[in-house]
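Okay, here's what each chain looks like letter by letter:
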Amino acid sequence: MKSSKTLFSALVIAAALACTTAFAAGQVRQLLVEGMTCSHCVSSVTEELSAIDGVEGVSVDLNAGGASRVTIRSSTAIPAAAVEAAVEEAGYAVATSPS
């Protein structure tokens, strides 16, 4: 069960992402992900994001206990909702601000 803070953060970011239709093609985009604490967490997020069509690479700067910076390189436009869904599928939440 996710904490109230995590659910609130997910709802806030979902509203923000609804206004952003896609990550542009051929660009590097960064986002913050909450809840990752170890290399297994990094692997889970990387695997889910890498499965999105057009993603060429994913790197994670782990900040155990805080928001970790995730960098996504893409060859095509990536729907922001797909990015959020992949992070949630891995068991984490996109952060609304750095921790």
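Heads up: these notes are all about the structure in this document. (Residues numbered from 1 in each chain as written. Predicted model: local features only at pLDDT ≥ 70, side-chain atom pairs only at ≥ 80, totals over all residues. Heavy atoms only, no water.)

1. Re the overall build of the chain
The line we're drawing: Helix and strand assignments come from DSSP, with helices taken as H or I runs of at least 4 residues and strands as E runs of at least 2, each series counted from the N terminus. What makes two residues a contact is simply this: any of their non-hydrogen atoms within 4.5 Å.
The helix and strand inventory of the chain stands at three helices and six strands. Taken from N to C terminus, the helices and strands of the chain fall in the order α-β-β-α-β-β-β-α-β. Within the chain, residue pairs in contact and separated by at least 24 positions form 73% of the contacts whose partners lie at least 6 positions apart.

2. Digging into the nonpolar core
Applicable threshold: Within this scheme, the nonpolar core is defined by two criteria: the residues are buried Ala, Val, Leu, Ile, Met, Phe, Trp, Tyr or Cys, and they are joined through side-chain atoms within 4.5 Å. For each residue, the accessible area found with a 1.4 Å probe, counting protein chains only, is set against the maximum for its type, and the residue is called buried under 20%, exposed over 50%, and partly exposed in between.
Leu31, Leu49, Val70 and Tyr92 are the most contacted members of the largest nonpolar core, which totals 18 residues. Put simply, the parts of the chain that give this core at least two residues each are β2 (28-34), α2 (39-50), β3 (55-61), β4 (67-74) and α3 (80-89). Each residue touching Leu31, except ones within four places of it in the same chain, is listed here: Ser68, Arg69, Val70, Ile72, Val83, Val87 and Val94.

3. What about the environment of Cys41?
Relative to the helices and strands, Cys41 is located in helix α2. Residues Cys41 and Leu62, 21 residues apart in the sequence, show an inter-C-alpha distance of 9.0 Å. Leaving out residues up to four positions away in the same chain, Cys41 has contacts with Met36 and Tyr92.

4. Quick look at the pairing of β3
This is how the line gets drawn: Paired strands, as defined in this entry, are two strands with at least two bridges between them according to DSSP.
Where β3 and β4 come together, six bridges link them in antiparallel fashion. When the bridges of β4 are listed, Gly57 appears paired with Arg73. Following β3, the chain reverses through five residues before pairing antiparallel with β4; Gly65 in that reversal takes a positive phi of roughly 90°.

5. Some remarks on α3
The condition that has to hold: Regarding the arc, it is the one traced by the directions from the helix axis to the C-beta atoms.
The set of residues buried in α3 consists of Ala80, Val83, Glu84, Ala86 and Val87. Each buried residue of α3 lies within a common arc of 160° when the element is viewed along its axis, so the set occupies one face. Projecting away from the buried face of α3 at angles above 90 degrees are the exposed residues Ala81 and Glu89. Just past α3, the residue Gly91 takes up positive phi, approximately 105°.

6. Some details on the side chain of Ser44
Among the structural elements, Ser44 can be located in helix α2. Given the relative accessible area of 18%, Ser44 is considered buried. Those residues in contact with Ser44, other than ones at most four positions away along the chain, are Ala90 and Tyr92.

7. A look at the pairing of β2
Pairing of β2 with β4, which is carried by seven bridges, proceeds in the antiparallel orientation. By the bridge assignment for β4, Glu34 is matched with Ala67. Here two bridges tie β2 to strand β6 (residues 93-94), and the two strands are oriented antiparallel to one another. Within the sheet, the bridge partner assigned to Val33 lies in β6 and is Val94.

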